[in-house]
Amino acid sequence: MGVGLSDEDDRKQFAGIVVPHLSEAFAVASWLTGNRTDAEDVVQEASLRAFRAIGSFAGVNARAWVLTIVRHTAYSWLAKNRPSEVVAVEDFLGGERLTVQCTGGWSATITSTPETALLAKLDVNRLEAAIAALPLAFREVLILRDIQGLEYREIAEVTTLPVGTVMSRLARARRRIIGAVRTDDA
Amino acid sequence: MTNDGTRVPDDDSQLVHAYLDGELDPAHALVIGRKIAASPALAAELEQTRALRQALREHLPRRTLPPHLRSRIEAAVGIKRQPARPSWQALAASIAIAFVLGGGSTWALLRPAAGDRTAAAVLDGHMRGLMAPHPTDIKSSERHTVKPWFNGRIPQAPRVIDLAQEGFPLIGGRLDVVDNTPVPTLVYGRRLHVISLSAIPDESRGGSPAERRSINGYNVVSWRENGVSYWAVSDLGAGELETFAQLFRKAPAG
């Protein structure tokens, strides 16, 4: 793609701002698209967008800036290639149980609940399948927090959600995974 | 499995997650901590979530950036990579010189140009860190938090040591760029000064004694050991920076 005319400063900026975060960009794109090939397309497209917009980087949090562009690019890609994934979040909120399941003997042995033990020896494939099965709106928050280690306010910046929404979606995403593990084992 | 479905207010249960993630201010953390102690349901949610977080952190294979993708992106925006190491012609020449001069001096002959460039790049990273609101991407004094943060961002996490006892507390870590390659940088404090310590993979074998440079009023101390060259940068006095380097080198592997 033809971006060869841009000047040397932009390249230096790009090397300093975007390149260090390409690994993380690729990890996030992989989780959002569900596979490496699509993630490559998304990261490449996002990188070119970032390069063209390098002058607009405000100089504060390069990582969040890069991930914001990656997420946006991934959403465009999904809307085009898998529109069914990008549906309104409200669809998922309706029937969701907002309570914590609590089995009989837990109060006595809190540190070794069945789920805790299950999670400790959980098969990687099952864990990945549970993450992949999460609706996009929950999956992205879980990935940014629990896999990439972003703080809530950074996730809010990347997703343009209020921090309170980040918190509630994260809690729901985690509960869904724990619930999926429980169901798998039943 | 019998569920009695004990209900707890959803807000509290969400706050358990924020509590676990260290996102609550001290006052709220105190309140929710008490509620957890009093509620088996909240305590169970805390424990399950803690186990889930650990499983996600430890069991999932990393999605690592394919090297060809990075090359493709750099080519697309017109970045030309400088060779990170001497070309093999230079290497061949140096071997010839080494043959004449005897062992030990090869490194000294080759180093200045590459070393000065690295020092300048490491100083750039340090300055960028100082200009940002926080000099770190990951802020933590806990080395078991800082080290895993690097996993998945770079091929190999650096050795992370806390030197708080010795007066150089670990503040956190960040990624810098040297020769177009992301490198891990640990950030330490010394009174009101900040020290950046970059760890750059270096294939040359063996160690080297610490070497001191001064660039624009900043001191740089560098050394090499176990396949890594270390670069410490700070506005601290050269003596103190060398003390820091010695402490880091002497500390048991972390």
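Residues numbered from 1 in each chain as written. Chains lettered and ligands numbered in written order. Predicted model: local features only at pLDDT ≥ 70, side-chain atom pairs only at ≥ 80, totals over all residues.

Engineer: Pulling in residues and values, what's your account of the overall build of chain B?
Structural biologist: Check the secondary structure of chain B and you find eight helices and seven strands. Put simply, chain B has 254 residues, and 36% of those count as buried. Taking all contacts inside chain B whose residues are at least 6 apart in sequence as the whole, residues at least 24 apart take part in 54%. (Helix = DSSP H or I, 4+ residues; strand = E, 2+ residues; numbered from the N terminus. Buried ≥ 20, exposed ≤ 12 C-beta atoms within 10 Å, placed from the backbone. Contact = placed C-beta atoms within 7 Å.)

Engineer: Would you mind going over the nonpolar core in detail, with residue names and values included?
Structural biologist: Counting residues in hydrophobic clusters, the biggest one holds 108 residues, and the most contacted among them are Ala25, Val28, Ala29, Val43, Val66 and Val70 of chain A together with Ala232 of chain B. Those residues within four positions of Ala29 of chain A in sequence are excluded, and the remaining contacts are Ala39, Val42, Val43, Val70 and Ala74 of chain A. (Core = buried A, V, L, I, M, F, W, Y, C linked by C-beta atoms within 7 Å.)

Engineer: Explain helix H9 (residues 152-159) of chain A to me, and be specific about the residues and the numbers.
Structural biologist: Of all eight residues making up H9 of chain A, seven are buried, and the element is well covered by its neighbours. Burial in H9 of chain A covers these residues: Tyr152, Glu154, Ile155, Ala156, Glu157, Val158 and Thr159 of chain A.

Engineer: Describe the packing of helix H4 (residues 62-81) of chain A against H9 of chain A, naming the residues involved and giving the relevant values.
Structural biologist: All names here are of chain A. Packing of H4 against H9 leaves a shortest axis separation of 8 Å and a crossing angle of 45 degrees. Looking at the two axes, H4 sits oblique to H9. Viewed along their axes, H4 and H9 form a crossing whose handedness is right-handed. Each of Ala64, Leu67, Thr68 and Arg71 in H4 lies in contact with H9, whose residues at this interface are Glu154, Glu157, Val158 and Thr159. Looking at side-chain class alone, the contact of H4 with H9 contains three nonpolar, two polar and three charged residues. (Axes fitted to C-alpha atoms, helices over the stretch in contact; angles between N-to-C directions. Parallel < 35°, antiparallel > 145°, perpendicular 65-115°, else oblique. Left-handed = near helix turned anticlockwise from the far one by under 90°. Nonpolar A, V, L, I, M, F, W, Y, C, P; charged D, E, K, R; others polar.)

Engineer: Let's hear about the pairing of strand E6 (residues 218-225) of chain B: which residues, and what values?
Structural biologist: Residue and element names in this part refer to chain B. Two elements, strand E5 (residues 208-215) and E6, share six bridges in a ladder whose sense is antiparallel. Paired with Arg213 across the two strands is Val220, which belongs to E6. Here E5 hands over to E6 after two residues, with Asn216 in that stretch at a positive phi of 45 degrees. Across seven bridges, the pairing between E6 and strand E7 (residues 228-234) is antiparallel. Opposite Val220, over in E7, you have Val233 as the bridge partner. In this structure, the hairpin formed by E6 and E7 is closed by a connection of two residues, where Asn226 is found at a positive phi of approximately 50 degrees. (Pairing = 2+ DSSP bridges.)

Engineer: An account of the pairing of strand E2 (residues 170-178) of chain B is needed here, citing residue identities and associated values.
Structural biologist: All names here are of chain B. Most of E2 is tucked away: nine of the nine residues are buried. The pairing of E2 with strand E3 (residues 181-190) spans eight bridges and is antiparallel. Across the sheet, the residue bridging to Val177 is Pro182, located in E3. Hairpin connection of E2 to E3: two residues between the antiparallel strands, including Asp179 at a positive phi of 55 degrees.

Engineer: Explain the packing of helix H3 (residues 36-52) of chain A against helix H4 (residues 67-77) of chain B residue by residue, including any values.
Structural biologist: Across the interface, H3 of chain A lies against H4 of chain B with an axial gap of 10 Å and an inter-helix angle of 30 degrees. Classified by the interaxial angle, the pair formed by H3 of chain A and H4 of chain B is roughly parallel. The element H3 of chain A and its partner H4 of chain B pack so that their crossing is right-handed. On H4 of chain B, the residues that touch Glu40, Val43, Gln44, Ser47, Leu48 and Phe51 of chain A of H3 of chain A are Leu69, Arg72, Ile73, Ala76 and Val77 of chain B. Per-class residue counts for the contact of H3 of chain A with H4 of chain B are seven nonpolar, two polar and two charged.

Engineer: Got a sec to walk through unusual backbone geometry? Specific residues and values, please.
Structural biologist: Most of the time, phi is negative for any residue but glycine, and the peptide bond is trans. Residue and element names in this part refer to chain B. Not every positive phi belongs to a glycine, and Arg191 is a case in point at roughly 50 degrees. Tracing the chain through its elements places Arg191 in the loop between E3 and strand E4 (193-201). Classification of Arg191 as exposed rests on a count of 8 C-beta atoms within 10 Å. A positive phi is found at Asn226, a non-glycine position, where the angle reads about 50 degrees. Relative to the elements of secondary structure, Asn226 occurs in the loop between E6 and E7.

Engineer: Account for the sheet that holds E4 of chain B, with residues named and values stated.
Structural biologist: All names here are of chain B. Taken together, seven strands build an open sheet; the order of strands is E1-E2-E3-E4-E7-E6-E5 and the sheet is antiparallel. Strand pairing shows two members of the sheet lacking a second neighbour, strand E1 (138-139) and E5, which therefore form its edges. Of the pairings in the sheet, the one linking E3 to E4 comprises six bridges and is antiparallel in character. Bridge pairing in E4 places Tyr188 opposite Ile195. Sheet strands touched by helix H7 (residues 143-150): E1, E2 and E3. Its angle to E2, the strand with the most contacts, is close to 20 degrees. Here helix H8 (residues 238-250) sits on the sheet in contact with E3, E4, E5, E6 and E7, set at roughly 25 degrees to E6.

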